[in-house]
Amino acid sequence: MKVKFITLGCKVNQYETQALIEDCVKEGFHITQDKADIYVINTCAVTHRAEIKSKEVIVRVKKENPQAKIVVCGCMVNSNKELLSNLDVDYLIPQNIKYNLVDIITNREIKKRSVWDLKISGFFNQRAFVKIQDGCDYNCSFCEIPSIRGRSESRKKEEIIAEVKRLSYNYREIVICGVNLGLYGKDLGNNHNLVNLIEEILEVDNLGRLRLSSLEPSLVGDDLLRLFVHPKLCPHIHLPFQTGDDRVLKFMNKRENVSLYYRVVDNVRKINPDIAISCDIMVGFPYEDEDSFKNTLEFLKKVKPMRIHIFTFSPRPHTPFANYNINNYRIIKERQDILKRLADEFAQAYKQKFLNQRLEMIAENKDDGYVCGYTSNYIKVWVKGKLRVGEVYPIVIEKIEPLRVIARI
Ligand code: SF4
């Protein structure tokens, strides 16, 4: 039987797809990127737009493959089961039994499994993700993830180290990911925490480089920042600020204020002034007004992040704003455009700092006669030449174009 996986959403979801792929292979299923007998769509529900995209994929796959079995899993099954039930798919698998997918599609009795029974030995990308934590104890007012993935749960350290060792034979970059990474270890007690875990991962012999995924600023302490002097820890930190305004932060029920944001940014730049700081900014949150948006722009102009992921607010089920009516789309679009222009300006300025500098890239994929991939400080570069995908190459940045950074070996 041929199975094709289609994944939407975050690194955790992509990791879970890889683990489910490996589960299917163990069962004798054949994984394909072409026509299949079974389609597994691993959905995302972080925003309304993500749900629309998930639904569009399901409808398209069903229309193009009327004979095939359609299996839908992922956060949207918990967040919007009603809508999915009307799409006439074969299986709807909620998050809490996602890891029983193989039992379910083979109509076997569902064996008791834990979220941590999902493990990987390979990855469908050249930079391998390792999931270390799931769920969240925070309660940001715009977010339904805690209601879908539950409270924070940490994976056993030994399991993580074993997986990093396994993957590091073939993958030159490991990205550790979670729903709220900084909460790692809090439920394990006994001195388990993210800092100790990272220190141990950095000791893994054949580790290439290690990248951290998103970190709540309130969980970024000096002991974590000190680790950024380590040559194998990518000089890149992703901070989901969401806004630069204290009043809006309060209504978002975030655990930070803007002065804490500045403190974290200052402290991380004391460790490495050229570190890559990327962030999430949400536009259109119910309590956002002209003044608070101005404060966010002021904040960003001081921080100058090298990459800004811009999200537009959308009412999420199981949150205080579930029934909120958005009525200022034009203003939201204007603010989004302003943020986009600012983000492009900061991105170009950051890349410019590394012109003619020597960096290292991991060759990831081919594009228009070039091979492209990321440097450790998260700059995507394009290089002409016969590069082996997956390998690390020393490069020099030669040219910063509006949409590409050209480098040479
Ligand atoms: S930290 Fe906030 S935004 Fe992130 S998953 Fe938890 S509740 Fe959602």
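Our next topic: the overall build of the chain. On a plain count of helices and strands, the chain comes out with 13 helices and 19 strands. On C-alpha atoms alone, the chain measures out to a radius of gyration of 21 Å, which is about the 22 Å that the 2.2 N^0.38 rule sets for 409 residues. Judged by the C-alpha coordinates and their principal axes, the chain covers about 55 × 50 × 50 Å. The burial tally for the chain puts 54% of its 409 residues in the buried class. For the chain, the share of sequence-separated contacts (at least 6 apart) that also reach a separation of at least 24 residues comes to 70%. Approximately 19,000 Å² of the chain is accessible, and the part contributed by carbon and sulfur atoms is 49%. One finds the centroid of the 63 positive side-chain charges in the chain at a distance of 3 Å from the centroid of its 53 negative side-chain charges.

To continue, consider the packing of aromatic side chains. Tallied over the entire structure, the rule returns 17 aromatic pairs. Seen in terms of ring centroids, Phe 241 and Phe 299 are 4.9 Å apart; in terms of plane orientation they differ by 90°. Their pairing is edge-to-face. Taken together, the residues Phe 241 in strand 11 (residues 236–242) and Phe 299 in helix 12 (residues 290–303) connect sequence positions 58 residues apart. For Phe 299, a relative accessible area of 1% gives the class buried. Counting every residue linked through ring pairs, the aromatic cluster contains Phe 142, Phe 251, Phe 285, Tyr 287, Phe 313, Phe 321 and Tyr 324. Residue placement shows Lys 11 over the ring face of Phe 129; its charged tip is 5.7 Å from the ring centre. Residue placement shows Lys 384 over the ring face of Tyr 370; its charged tip is 4.3 Å from the ring centre.

On the surface, Glu 199, Glu 203, Asp 205, Asp 222 and Asp 223 cluster together into a patch of negative charge. Examined against the element boundaries, Asp 223 turns out to sit in helix 9 (residues 222–226).

On inspection of all chains with the given rule, the structure shows one cavity of 30 Å³ or more. A volume near 30 Å³ is recorded for the largest cavity. Around the largest cavity sit Thr 243, Val 248, Met 252, Met 282, Phe 285, Glu 288, Ser 292 and Thr 296, which together line it. Looking at side-chain class alone, the lining of the largest cavity contains four nonpolar, three polar and one charged residues.

What the domain assignment lists for the chain is domain 1 (2–115), domain 2 (117–352) and domain 3 (358–408). The gap between the C-alpha centroids of domain 2 and domain 3 is 25 Å. Contacts between the two partners involve 17 residues from domain 2, matched on the other side by 18 residues from domain 3. Across the interface of domain 2 and domain 3, roughly 1,600 Å² is buried in total on both sides, 58% from carbon and sulfur atoms. Looking at the side of domain 2 facing domain 3, the largest losses of area belong to Gln 126, Arg 209 and Lys 351, adding up to 35% of the total buried there. Arg 127 is paired through a salt bridge with Glu 364; the nearest N and O atoms lie 2.8 Å apart. In this assembly, domain 2 and domain 3 are joined by six residue pairs in polar contact (both at pLDDT 80 or more). At four residues, helix 13 (residues 329–352) tops the list of elements feeding residues into the side of domain 2 that touches domain 3. Split by residue class, the side of domain 2 that touches domain 3 holds five nonpolar, five polar and seven charged.

Moving on, we come to the site of the ligand. Residues in contact with the ligand, as listed here, are Cys 136, Tyr 138, Cys 140, Phe 142, Cys 143, Ile 145, Pro 146, Val 179, Asn 180 and Glu 216. In the shell around the ligand, the residues fall into eight nonpolar, one polar and one charged.

The rules behind the values
- Residues numbered from 1 in each chain as written.
- Predicted model: local features only at pLDDT ≥ 70, side-chain atom pairs only at ≥ 80, totals over all residues.
- Heavy atoms only, no water.
- Helix = DSSP H or I, 4+ residues; strand = E, 2+ residues; numbered from the N terminus.
- Rg over C-alpha atoms; globule rule 2.2 N^0.38 Å.
- Buried < 20%, exposed > 50% of the residue type's maximum accessible area, 1.4 Å probe, protein only.
- Contact = heavy atoms within 4.5 Å.
- Areas by Shrake-Rupley, 256 points an atom, 1.4 Å probe, with all protein chains shown as cover.
- Lys, Arg positive; Asp, Glu negative; His and termini not counted.
- Charge placed at Lys NZ, Arg CZ, Asp CG, Glu CD.
- Phe/Tyr/Trp six-rings, centres within 6.5 Å; stacked < 30°, edge-to-face > 60°.
- Lys NZ or Arg CZ within 6 Å of the ring centre and 35° of its normal.
- Patch = residues over 30% accessible without salt bridge, like charges linked within 9 Å, V, L, I, M, F, W, Y side chains within 5 Å.
- Salt bridge = Lys/Arg side-chain N within 4 Å of Asp/Glu carboxyl O.
- 1 Å grid on protein atoms, 1.4 Å probe; cavity = no way out; pocket = protein on both sides within 12 Å on 5 of 7 lines; lining within 4 Å.
- Points joined across faces, edges and corners; volume = space filled by probe spheres on them.
- Nonpolar A, V, L, I, M, F, W, Y, C, P; charged D, E, K, R; others polar.
- Domains from an automatic or database assignment.
- Buried area = accessible area lost by both parts, 1.4 Å probe.
- Polar contact = N/O pair within 3.5 Å; in protein donor to acceptor, adjacent residues only side chain to side chain.
- Near = heavy atom within 4 Å.

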